[in-house]
Amino acid sequence: MNLEFNKIFASVLVALLCMQIFHLISENLISPTPLKQNILGIETGNEIPANAATPQETSEPIGKILSTASVANGEKIAKKCLQCHTFDKGAPHRTGPNLWGVVMNAVAHASDYIYSQAMKSHGGKWTYEALDAYLQKPREYIKGTKMSFVGLSNAQERADLIAYLSTLADSPAPLPQ
Ligand code: HEC
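Residues numbered from 1 in each chain as written. Predicted model: local features only at pLDDT ≥ 70, side-chain atom pairs only at ≥ 80, totals over all residues. Heavy atoms only, no water.

Novice: Sorry if this is basic, but what is going on with a nonpolar patch on the surface here?
Specialist: Side chains of Phe 5, Ile 8, Phe 9, Val 12, Leu 13, Leu 16 and Met 19 sit close together on the surface and give an oily, nonpolar patch of about 740 Å² of accessible area. Position of Leu 16 relative to the elements: it lies in helix H1 (residues 2–29). (Patch = residues over 30% accessible without salt bridge, like charges linked within 9 Å, V, L, I, M, F, W, Y side chains within 5 Å. Areas by Shrake-Rupley, 256 points an atom, 1.4 Å probe, with all protein chains shown as cover. Salt bridge = Lys/Arg side-chain N within 4 Å of Asp/Glu carboxyl O. Helix = DSSP H or I, 4+ residues; strand = E, 2+ residues; numbered from the N terminus.)

Novice: Looking at this structure, I do not really get the site of the ligand. What am I missing?
Specialist: Around the ligand sit 25 residues, and of these Cys 81, Cys 84, His 85, Tyr 115 and Met 147 come closest. Note that a nitrogen atom of the ligand is positioned 2.7 Å from one of the side-chain N or O atoms of His 85. One nitrogen or oxygen atom from the main chain of Lys 146 is found 2.9 Å from an oxygen atom belonging to the ligand. Broken down by element, the shell around the ligand gets its largest block of residues, 3 residues, from helix H5 (residues 128–136). Looking at the shell around the ligand, its residues break down into 16 nonpolar, 7 polar and 2 charged. (Near = heavy atom within 4 Å. Polar contact = N/O pair within 3.5 Å; in protein donor to acceptor, adjacent residues only side chain to side chain. Nonpolar A, V, L, I, M, F, W, Y, C, P; charged D, E, K, R; others polar.)

Novice: Quick question: what am I supposed to make of the coordination of the iron atom of the ligand here?
Specialist: Note on metal geometry: ideal angles are 109.5 degrees for four donors arranged tetrahedrally and 90 or 180 degrees for six donors arranged octahedrally. At this site the iron atom of the ligand is bound by His 85 (NE2) and Met 147 (SD), with donor distances of 2.0 to 2.1 Å. Geometry at the iron atom of the ligand is octahedral, judged from the 6 donor atoms that bind it and their angles of 86 to 179 degrees at the metal. In this pair, His 85 sits in the loop between helix H3 (71–77) and helix H4 (117–120) while Met 147 sits in the loop between helix H6 (138–141) and helix H7 (155–167), placing the two residues 62 residues apart along the sequence. With relative accessibility at 19%, the residue Met 147 sits in the buried group. (Donors = N, O, S within 2.8 Å, 3.2 Å for Na, K, Ca; no water. Tetrahedral: all angles 85-135°; square planar, octahedral: opposite > 155°, others 65-115°. Buried < 20%, exposed > 50% of the residue type's maximum accessible area, 1.4 Å probe, protein only.)

Take a look at the structure:
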C-alpha cells in the first residue's frame, strides 16, 4: 500500500516536472511578437480621430464646398463688408482696401492702400484656403490686422462669399477642384 502510494506520487511528480520542462522549451522556441494593432478592427464607436475638429469649427476642405457654393448668396453676404470695402473695379478704398481681383492675388494686394504692418509683412497669396481661414477669424489668422471684423463662423457662408469674390476679376481664377 505504502509502496503503491509512493509510485503514484512519483509519477505525478515526474509528470509535473515534464510539463514544466516542455513549457520552458516551448516558450523559448516560440517567441510571440505582439501585434502592432488590433487586426480584428472592432469598432468601439468612441475612438476620436487624431484630426477631429471641434464641431463648430468642422471645416470641410473649402474646395469641396466651393464647388456647390452660391455666388448669388455670396453677394448678399458681401453686404457685411460694404461698410469698409468696395468691390467694383477701380472703386476707391474705404476703411479697408478695394477688393476687386483680390482672390489669388498677393496679400496686401492694393499698392495705394496703407495696410497694417501685420498684413504688409504677411506675404503669400489670397488662395481660397487663405481667404477661408482669414474670413473665419481675421484677427487670429493675421495677428495685428486692422480689419476689425469678427469673422464668419459658417463654412457655407464663407464659401458662398469667396465664390462671389472670385467673380470680381477680369479673368476669374478657377475654383479649386
Ligand atoms: C470694419 C471694417 C471691415 C469690415 C466690416 C470688413 N473688412 Fe476686410 N479689411 C478691413 C481693413 C481695415 C483691412 C486692411 C487690414 C490690414 O491692413 O491689416 C481689410 C482687409 C481685407 C482683406 C485683405 C485685402 C488685401 O488687399 O490683401 C480682405 C480679403 C478682406 N478684408 C475681406 C473682407 C470681407 C470679405 C469682408 C466681409 C465679410 C470684410 N473684409 C469686412 C476692414 C474691414
